[in-house]
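Working through the structure, step by step
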Amino acid sequence: DSGVTQTPKHLITATGQRVTLRCSPRSGDLSVYWYQQSLDQGLQFLIQYYNGEERAKGNILERFSAQQFPDLHSELNLSSLELGDSALYFCASSVDFGRAGTDTQYFGPGTRLTVL
Amino acid sequence: AQSVTQPDIHITVSEGASLELRCNYSYGATPYLFWYVQSPGQGLQLLLKYFSGDTLVQGIKGFEAEFKRSQSSFNLRKPSVHWSDAAEYFCAVGSIIQGAQKLVFGQGTRLTINP
């Protein structure tokens, strides 16, 4: 158990809908990262928040957004869902935002999203 | 751009045999390297990491990895595998973008253990 929690574990929805995925970081960690794992793209970095502020963006679609709240939990919002958004979404956390590159990210169990 | 290549998509070994999973990276600066393992239906668990110093790194579950700068490699090894090692293994390089770190992952190697 990494100490990172994600809810829900599974989510099934229809195209065009909007969903929210939730992540609670390890105690003491200020950074939260979101990754998408799909069969064709592999594990892709989406976005990072540090202490409530966006720090870095990766391959995140405009239909997707995230935020980190004062209690440091984070939510990933996915809207206008398409079949291709079906994937496993991971949250990770670390103490710092990786300014020195030596931060270690600890991953949650993931949320499996199925878009029908 | 930084990238990670895991040449073997799927490897099968017998229980008790030795294991080596290959990882090659492309990164202009000093690489920060990681190996993660993903068991079926589970999240990613950190096995080990390399930042600097001794190029042979020990991790959990009896795994080790060796950083070879000249070959841009960070191969994962285990002298004797157990059936519980069956999983998918991911190599990653930590890169700095916009002043913050992101992980770039390889495509993963699926390990099957024969009894």
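Notes on the structure in this doc start here. (Residues numbered from 1 in each chain as written. Chains lettered and ligands numbered in written order. Predicted model: local features only at pLDDT ≥ 70, side-chain atom pairs only at ≥ 80, totals over all residues. Heavy atoms only, no water.)

So, on to the pattern of salt bridges. For the structure on display, the rule yields 7 salt bridges over all chains. Across the salt bridge formed by Asp8(B) and Arg22(B), the nearest N and O atoms sit 2.9 Å from each other. Here Asp8(B) is found in the loop between strand E1 (3-5) and strand E2 (10-14), whereas its partner Arg22(B) is found in the loop between strand E3 (19-21) and strand E4 (24-26), with 14 residues between them in sequence. For Glu64(B), the salt bridge goes to Arg77(B), with nearest N and O atoms at 3.2 Å. Of the two residues, Glu64(B) sits in strand E8 (residues 64-68) while Arg77(B) sits in strand E9 (residues 73-78), which places them 13 residues apart along the sequence. A residue is classified by how much of its surface remains accessible, and Arg77(B), at 24% relative accessible area, is partly exposed. Among the charged side chains, a network of salt bridges with common partners joins Arg63(A), Glu82(A) and Asp85(A). (Salt bridge = Lys/Arg side-chain N within 4 Å of Asp/Glu carboxyl O. Helix = DSSP H or I, 4+ residues; strand = E, 2+ residues; numbered from the N terminus. Buried < 20%, exposed > 50% of the residue type's maximum accessible area, 1.4 Å probe, protein only.)

Residues and elements named next belong to chain B. Among the nonpolar cores identified, the biggest contains 28 residues, and Leu 19, Trp 35, Leu 47, Leu 48, Phe 74, Leu 76 and Tyr 89 are the most heavily contacted of them. Broken down by secondary-structure element, the contributors of at least two residues to this core are E2, E3, strand E5 (32-38), strand E6 (44-50), E8, E9, strand E10 (87-97) and strand E12 (109-114). Ranked by residues supplied to this core, first place goes to E10 with 4 residues. Setting aside residues up to four positions removed in sequence, Leu 48 forms contacts with Leu 33, Phe 34, Trp 35, Val 57, Gln 58, Gly 59, Phe 63, Glu 64, Ala 65, Phe 74 and Leu 76. (Core = buried A, V, L, I, M, F, W, Y, C linked by side-chain atoms within 4.5 Å. Contact = heavy atoms within 4.5 Å.)

The next subject is unusual backbone geometry. Backbone torsion omega between Thr7(A) and Pro8(A) reads -10 degrees, so that peptide bond is classified as cis. Even without glycine at this site, Ser72(B) takes up a positive phi of about 50 degrees. When you line up the elements, Ser72(B) lands in the loop between E8 and E9. For Ser72(B), a relative accessible area of 26% puts it in the partly exposed group.

Moving on, we get to the environment of Leu33(B). All names here are of chain B. Within the fold, Leu 33 resides in strand E5. On a C-alpha basis, the gap between Leu 33 and His 82 in space is 24 Å, while along the polypeptide they are 49 residues apart. Excluding residues within four positions of it along the chain, Leu 33 makes contact with Tyr 25, Leu 48, Lys 49, Tyr 50, Phe 67, Phe 74, Ala 92 and Val 93.

Let us now look at the layout of surface pockets. Regions of empty space are outlined by a rolling probe, equal in size to a water molecule, passed over the atoms. Here the largest pocket defines a volume of roughly 610 Å³. Around the largest pocket, the lining comprises 25 residues; the ones closest to its centre are Gln37(A), Leu39(A), Arg112(A), Gln38(B) and Glu88(B). Mapped by element, the contributors of at least two residues to the lining of the largest pocket are strand E4 (31-38) and strand E9 (87-94) of chain A together with E10 of chain B. When residues of the lining of the largest pocket are assigned to their parent elements, the largest contribution, 3 residues, is made by E10(B). Of the residues in the lining of the largest pocket, the class split is 8 nonpolar, 13 polar and 4 charged. Lining the second largest pocket are 18 residues, with Asp1(A), Ser2(A), Gly43(B), Leu44(B) and Gln45(B) sitting closest to its centre. The set of elements that each furnish at least two residues to the lining of the second largest pocket consists of strand E10 (106-107) of chain A together with E5 and E6 of chain B. Broken down by class, the residue content of the lining of the second largest pocket amounts to 8 nonpolar, 8 polar and 2 charged. (1 Å grid on protein atoms, 1.4 Å probe; cavity = no way out; pocket = protein on both sides within 12 Å on 5 of 7 lines; lining within 4 Å. Points joined across faces, edges and corners; volume = space filled by probe spheres on them. Nonpolar A, V, L, I, M, F, W, Y, C, P; charged D, E, K, R; others polar.)

This paragraph deals with the interface of chain A and chain B. Contacts between the two partners involve 26 residues from chain A, matched on the other side by 21 residues from chain B. For the chain A and chain B pair, buried surface summed over both sides reaches about 1900 Å², with 52% attributable to carbon and sulfur atoms. Between chain A and chain B we count 0 salt bridges in total. Remark: the boundary between chain A and chain B carries 4 residue pairs in polar contact (both at pLDDT 80 or more). Going through the elements one at a time, E4, strand E5 (42-50), strand E6 (53-57), E9 and E10 of chain A are the ones with two or more residues in the side of chain A that touches chain B. When residues in the side of chain A that touches chain B are grouped by element, the largest group, 4 residues, is from E5(A). (Buried area = accessible area lost by both parts, 1.4 Å probe. Polar contact = N/O pair within 3.5 Å; in protein donor to acceptor, adjacent residues only side chain to side chain.)

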